[in-house]
Structures are given as C-alpha cells and as structure tokens.
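Breakdown of the fold
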Amino acid sequence: MGHLFGTNGIRGIPGKDLSPDVVSSVARAVAAKLGHPIVVGMDGRLSSPALKELVVSSLLESGSDVVDVGMLPTPALQYYISRGRFGGGIMITASHNPPEFNGLKVMGGNGVEVPRSVEKEIEKLVESKKPRKPVDRPGELREDRTGVEKYVAGVKSQVDVRSIKMKHFRIVVDAGNGMQALAVPQLLKELGATVKCINCEVNGAFPGRGPEPTAEKLVNLSNQVARGGYDLGVAFDGDGDRSVFCDERGMILTGDRSGSFLAEFLLRVKGKNKVVTTIATSSLADWAVEPTGSELIRTRVGSVDVTDTMIKEKALVGFEENGGFFYLPHQPVRDGAMTLGLVLWALSYYGTAFSRCISRLPRLYQRKGKTQAPNEIKYKVVEEVAKSADGAVDTTDGAKVTQQDGSWVLVRASGTEPLIRVFSESRVESEAEELYKKYMLLVEQIIRKQR
Ligand code: MG
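So, here's what we can say about the structure. (Residues numbered from 1 in each chain as written. Predicted model: local features only at pLDDT ≥ 70, side-chain atom pairs only at ≥ 80, totals over all residues. Heavy atoms only, no water.)

**A few points about the packing of helix α9 (residues 255-270) against helix α12 (residues 336-350)**
Where α9 contacts α12, the two axes come as close as 10 Å, and the packing angle between them is 65 degrees. In the packing of α9 onto α12, the handedness of the crossing is left-handed. Where α9 abuts α12, its residues F261, L262, E264, F265, L266, R268, V269 and K270 lie against T339, L342, V343, W345, A346, L347, Y349 and Y350. Classifying every residue of the contact of α9 with α12 by side-chain character gives 12 nonpolar, one polar and three charged. (Axes fitted to C-alpha atoms, helices over the stretch in contact; angles between N-to-C directions. Helix = DSSP H or I, 4+ residues; strand = E, 2+ residues; numbered from the N terminus. Left-handed = near helix turned anticlockwise from the far one by under 90°. Contact = heavy atoms within 4.5 Å. Nonpolar A, V, L, I, M, F, W, Y, C, P; charged D, E, K, R; others polar.)

What follows is the structure, given as structure tokens:
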C-alpha cells in the first residue's frame, strides 16, 4: 500500500485509490489511537457526505463517541477541537485538489494535525488488518452546528475590532466555492465591512475558479477590486486554511509578501518574539523580523513542520510562501479567516492603502520552476547538487545555496510527485534568472548521469 499519509493527510479519489475499506480502517485506527470523543467535520465536496457517514459509523462501532459538526472550514474544526475537551478529530477534505479527489486530515486533542509518529502508528494498524475486537458498547453520536459561529467569534477576539470597524473596509471575497464561503462573509459583516462575494456558493464541482487560488485563477478577483474601487481582495483554497490577497490596485501578493508584511506588523504590536517559516520562503522573512531583534527559525517545507516548531519554540507567528499563515494566540495552524482578520487589523493600524503598506517591503526577484525526475533518483540528484554547489549550502530540506550578496537558490525534491523544484531569489532580476538557469542545468545534467 505504501505511504497512506502525504504531506497533508490522506488524499485520493474515492472509489479508486481511496476505497471505503481504507477510510473505515483509518477511522477505526483513529478510534484506537486517540481518546474520545472524536469531532468529525467535512468540506463541500460531492463525495464528502458519504465519506462522513462511513467515518462516523466506523468510529461509533469502535466504541468511540462522536461529535458531528457538519460542513465547515478545516481551521474552524481545529479551533472547535482546541477549545473543547476532545480526543481528536477527522476532517474530510482534499483541500485544493481537483473535485474528484477527497481525503482525511487527522487532528489530535489540541486541534493540530497529529505528528508523523502517530500517522505511522495509524498506517501500521490499517495495514495489519487485524480482526476487530468486539466493543462493550457502541459510541454515542451528538450533532453540533455551532462550529462556524464559534470560529468567527474566535477570530474576532484576536483583532482590534473597533479600529477595523472605523475603517469601513470595502472588500471583494473569492471563496472559490469552498469552505470559507460559510465563515468569511459573516466575519466581515461583524467587522463592519462592505463585501462583494464571488464564488461564494459552496459547490463540490468547483465551477468558479477551482479550489486552488493560484495567481492565474484570480484575474476576476483582481479586476473586480481595481475597477470597483475596493480596498483589497482575498481568495481562499478549498478547505479555507490558506488565503491569497490583492491590494487595491488588484496586484496579487505572493504568500512571502503578505506573510512577511503581517509578521512584521505583529512583531511591531506584540514585541520581540519568534517567527517560524520554511527554507523555501523569501529573504523578506529576515527583513520582517530584524526591526525588533526577533528570531527567525527556518524548517523543512510543510505546514506540519511549521506547526510542530511553533509549538516547541512558542513562536508567535508562522508562515509559508504558499499563503499559509499561523498565529499562535488563535491556533498554531494555518487559518485563512484569521489571516484576513490580521490583515484588516494591520491596514487599520497603518491607516494607508494596502499597496503603500506593501511598498515598504524590499523588492526581491524570484524565479521558480520544476523538472521531471523519477522518484528513485530524485533525492540522490539533490544530494549531488549539494556536493557540487558554489556557495554556502543548507541541507535542512533539499539544497539551499546562498551567495555572498544574499542571493540564493533552493533545489528540492517534491515530497509527493516525481519532480525536482528549483527556486531562486535575488535583489537583481538578472541574477535570479542566472542562478535559476545555472542550477536547473546542473540538475538536468545530474539526472542524465543517474539514468
Ligand atoms: Mg488547504
């Protein structure tokens, strides 16, 4: 069967590689490994209701009590778990994957995705196919539909509501037919904003712009913001844990830029602290922490790595270049609506247009690309790159080569696909391009030799 858990939970196509057997065994393993009750939530995918029934009944027949919280964003489920007394939770979602996919994210009693070690134990139980022990009594099922309401109140409690309300923000929201359609319009109404909502009907076929908020898919959002004289635009991924912003001119911000902007703001208002980000994030992250003498900690790529490090280090903030942003006082997991709340707080604090706030960040040029590399050799190729690199090499995750002027290039094997990714960054555009080309060429040469 191989690895059941990927970088972010279990994913597959129901009926194909995500069979009812596997789903039910995972639920039974969760019942055996975590305490109870188990909180179960789901996204709006067409296959989610059936998978939820299967998960709930498998938990109940294993003797675990279940709280069914229905449809909600992943961070809303996590918040619900973290603020109550539960053994853990299961979210039925495939996040930003295409409509035919679905999956399971398993959370511990603190609302955070279970560590890799627990994932391995669950995998082992699923693979062992041990006959089920009869239980003395089946679990009890309770329904609670207050998850979204509690989540919205939780987000509001972390920001300066008064100063946000005074600004009467005008905002375009693109929920991409995903889960934040259930929470964000309500949150913004309570924050005194005027909202134009696009793709805000939950629809598992994702007929709008699809569940992945890449810049190319957000042209409509940009245009609506710029033409309609709005203050900003925001888009979310399918399950609502990641957010992507555009300023009042409709310029889409990368996760590096919005994350660094927010990290700098939060350190400014909260004082010196720690910030966690991944090895793939821009040097803007260093710019964000410097003014307060705070510490920047870089981890491997992956939200679970950021979360684990944040908890260990008690870091105020975490972020990723893909639009994931984590705020410890709320919860140490990425959270789209919380990020939006923090952006509004920052904009009301600075009192100027979003584009002006962002223009304070230094201009850095990036080049990103990928090349095919068979799974059997991809890690070996990256090792070879590290050996022949020209500059200081960091092998936290892949090979990151930094030059004397601060320009860097990261060569990394994808955790899930037969690919090697190459990212470069420099203050000088031609230098970013040159570094990228040089290392892409090196990667391709090594791949040819390995074959
Ligand atoms: Mg997601």
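**Regarding the packing of aromatic side chains**
Two numbers describe a pair of aromatic rings. These are the distance of the centres and the angle of the planes. According to the stated counting rule, one finds eight aromatic pairs in the structure shown. Plain terms: the ring middles of F261 and Y350 are 6.1 Å apart, the flat faces sit at 40 degrees to each other, and that makes the pair tilted. Of the two residues, F261 is situated in helix α9 and Y350 in helix α12; the sequence distance between them amounts to 89 residues. Residue classification places F261 among the buried positions, given a relative accessible area of 1%. The structure contains a cluster of three or more aromatic residues connected by ring pairs, namely F261, F265, W345, Y349, Y350 and F354. Over the ring of Y230 we find R170; its NZ or CZ atom is 4.4 Å from the centre of that ring. (Phe/Tyr/Trp six-rings, centres within 6.5 Å; stacked < 30°, edge-to-face > 60°. Buried < 20%, exposed > 50% of the residue type's maximum accessible area, 1.4 Å probe, protein only. Lys NZ or Arg CZ within 6 Å of the ring centre and 35° of its normal.)

**Some words on the coordination of the magnesium ion**
S95 (OG), D237 (OD), D239 (OD) and D241 (OD) make up the full set of protein donors to the magnesium ion, lying at 2.1 to 2.2 Å. When the donors of the magnesium ion are listed by position in the chain, the intervening gaps give S-x141-D-x1-D-x1-D. Exposure class is identical for D237 and D239. Each is buried. (Donors = N, O, S within 2.8 Å, 3.2 Å for Na, K, Ca; no water.)

**What about the state of the cysteines?**
Tallying each qualifying case throughout the model produces one disulfide. Across a sulfur-sulfur distance of 2.1 Å, C197 and C200 are joined as a disulfide pair. Around the S-S axis, the bridge from C197 to C200 shows a dihedral of about -60 degrees and counts as left-handed. Taking relative accessible area as the criterion, C197 reaches 33% and is therefore assigned partly exposed. (Disulfide = S-S within 2.5 Å.)

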